[in-house]
Amino acid sequence: MLMDGTAAARRIVDQAAADAAALTANGVTPCLATVLVGSDPASVTYVRMKQNRSAKAGIGSWHVELPDTITTGTLVAALTELSQDPDVHGILLQHPVPPHIDERAAFEAIDPAKDVDGVTMHSFAAMAFGEPGFVSATPGGILRLLDEYEVDPAGKHAVVVGRSPILGKPVGMMLLARDATVTYCHSRTADLASYTRQADILVAAVGRPRFITGADIKPGAVVIDAGYNPGNVGDVDFDSAVEKASLITPVPGGVGPMTIAVLLEQTVEAARRQLTRR
């Protein structure tokens with residue numbers, strides 16, 4: 001069975017739109033600031049998509065474009081300014097940034113109260129310890145999709161292939177919080193297939209097209225393809241994997257829409273929290 005992220009995301013966004021309308025009626029329109037460094041075509045497309053989805057949900061947009069020649073200090077200053085602006089409720093730094101930029105320093109310039117993409121160390125710690133905060137948007141979308149299809153991670157062996165700080169690591173923490181037994185795999189893992197074949201829930205987040213094949217999957221496993229590569233190709237070889245998996249996310253139309261839905265939902269929640277504190 002395909003896990004339809006588009007339909008699930010639509011329900012989340014519809015609720016976020018209703019909540020945004022209620023806040024707007026009280027004098028506060030939720031606002032998401034997007035920051036783009038450079039003009040990478042894929043990043044430009046992603047940011048435009050997020051802006052369009054925001055507008056449809058009644059969420060304001062504030063877009064900041066910066067040249068790819070800027071310094072880390074200039075980017076940090078721009079993010080700090082947005083963090084201090086009371087009219088901005090959520091901040092998204094489109095990643096990756098150019099290689100000469102210290103991405104971690106840039107992320108840490110975002111106020112955790114506005115970190116609706118869940119990229120700061122504060123947000124990661126909150127996820128790991130089960131404390132209030134904003135989750136990383138893609139891992140959050142993955143967990144919501146599991147809920148949508150009534151997949152309870154408790155007692156299951158979840159294998160995460162990938163260890164990025166905004167996808168692989170946090171999704172493992174979130175699955176652990178749901179009482180899954182979690183194994184992290186990565187580029188240095190020896191005999192990777194011996195681990196992936198044990199997975200009841202397999203999350204592919206390695207950034208390599210069609211890297212996981214049907215031969216690497218346990219029969220009946222739930223397969224979450226969190227990759228997106230040129231040509232609308234995920235990290236899983238769909239044609240062979242679909243023969244083994246009980247549930248699988250398509251690319252596109254699986255994890256991607258859920259990521260944006262969680263981002264918008266958290267932007268509205270950030271606006272609500274900031275309004276409450278006034």
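Described in the following lines is the structure provided in the data block. (Residues numbered from 1 in each chain as written. Predicted model: local features only at pLDDT ≥ 70, side-chain atom pairs only at ≥ 80, totals over all residues. Heavy atoms only, no water.)

What about the overall build of the protein?
- Looking only at helices and strands, the protein features 10 helices and eight strands.
- A compact globule built from 278 residues would reach a C-alpha radius of gyration of about 19 Å, and the protein, at 19 Å, matches this within 12%.
- Dimensions of the protein, computed from C-alpha atoms along their principal axes, come out at roughly 50 × 40 × 35 Å.
- Pairs at least 24 residues apart make up 70% of the contacts formed inside the protein by residues separated by at least 6 positions.
- Between the mean site of the 23 positive side-chain charges and the mean site of the 31 negative ones, the protein shows a separation of 1 Å. (Helix = DSSP H or I, 4+ residues; strand = E, 2+ residues; numbered from the N terminus. Rg over C-alpha atoms; globule rule 2.2 N^0.38 Å. Contact = heavy atoms within 4.5 Å. Lys, Arg positive; Asp, Glu negative; His and termini not counted. Charge placed at Lys NZ, Arg CZ, Asp CG, Glu CD.)

Notes on the environment of Gln 51
- Secondary-structure assignment places Gln 51 in helix H2 (residues 41-56).
- C-alpha separation for the pair Gln 51 and Arg 144, spaced 93 residues apart in sequence, amounts to 22 Å.
- Those residues in contact with Gln 51 that sit more than four places away from it in its chain are Thr 34, Ser 61 and His 63.

Comments concerning the environment of Pro 165
- Topologically, Pro 165 is positioned in the loop between strand S4 (157-161) and helix H7 (168-177).
- Contacts of Pro 165, omitting those with residues within four sequence positions, involve Arg 104, Phe 124 and Pro 170.

A short note on helix H1 (residues 5-25)
- With 21 residues, H1 should cover 30 Å at 1.5 Å per step; its first-to-last C-alpha distance of 30 Å lies within 8% of that length.
- Turning to H1, the residues buried within the fold contact helix H6 (137-148) and helix H10 (255-277).
- Of the residues flanking the end of H1, it is Gly 27, one or two places downstream, whose phi is positive at about 95 degrees. (Expected span 1.5 Å × (residues − 1).)

A look at the nonpolar core
- Ile 142, Leu 146, Leu 175, Val 203, Val 222 and Ile 224 are the most contacted members of the largest nonpolar core, which totals 27 residues.
- Contributing elements (two or more residues each) for this core: H1, H6, S4, H7, strand S6 (201-204), strand S7 (222-225) and H10.
- The element that contributes the greatest number of residues to this core is H6, accounting for four residues.
- Residues within four places of Ile 224 in sequence aside, it is in contact with Met 3, Ile 142, Leu 146, Leu 202, Val 203, Ala 204, Thr 249 and Val 255.
- With 21 residues, the next largest nonpolar core counts Ala 33, Leu 75, Leu 79 and Val 97 among its residues. (Core = buried A, V, L, I, M, F, W, Y, C linked by side-chain atoms within 4.5 Å. Buried < 20%, exposed > 50% of the residue type's maximum accessible area, 1.4 Å probe, protein only.)

Focus: the sheet that holds strand S2 (residues 60-66)
- Read from one edge to the other, the open sheet built from three strands follows the order S2-S1-S3, with strand pairing classed as parallel. Only two strands of the sheet have a single neighbouring strand rather than two, namely S2 and strand S3 (90-93). Between one strand axis and the next, the sheet turns through 15 degrees on average, direction left out of account.
- Where H2 meets the sheet, its contacts fall on strand S1 (31-37), S2 and S3, and the angle it forms with S1 comes to roughly 170 degrees. (Pairing = 2+ DSSP bridges. Axes fitted to C-alpha atoms, helices over the stretch in contact; angles between N-to-C directions.)

Let's talk about the pattern of salt bridges
- The final tally for this structure, using the stated rule, is eight salt bridges.
- One connected set of salt bridges, linked through shared partners, spans Glu 269, Arg 272 and Arg 273. (Salt bridge = Lys/Arg side-chain N within 4 Å of Asp/Glu carboxyl O.)

Quick look at the sheet that holds S6
- Judged by pairing direction, the sheet is parallel, and its five strands sit side by side in the order S5-S4-S6-S7-S8 without closing on themselves. Each edge of the sheet is formed by a strand with only one pairing partner; in this case those strands are strand S5 (181-185) and strand S8 (247-248).
- Pairing of S4 with S5 involves five bridges; the strand directions are parallel. The residue bridging Val 161 from the neighbouring strand is Cys 185, located in S5.
- Its contacts with the sheet put H7 on S4, S5 and S6, and the angle it makes with S5 is roughly 165 degrees.

Structural notes on the pairing of S6
- Residues Ile 201 and Val 203 point to one face of S6 and Leu 202 and Ala 204 to the other, with burial holding for every one of them.
- Of the pairings in the sheet, the one linking S4 to S6 comprises four bridges and is parallel in character. Residue Ala 158 lies in a different strand from S6, and its bridge partner there is Ile 201.
- Summarising the sheet, S6 and S7 pair through four bridges and their orientation is parallel. Counted as the bridge partner of Ala 204 is Asp 225 from S7.

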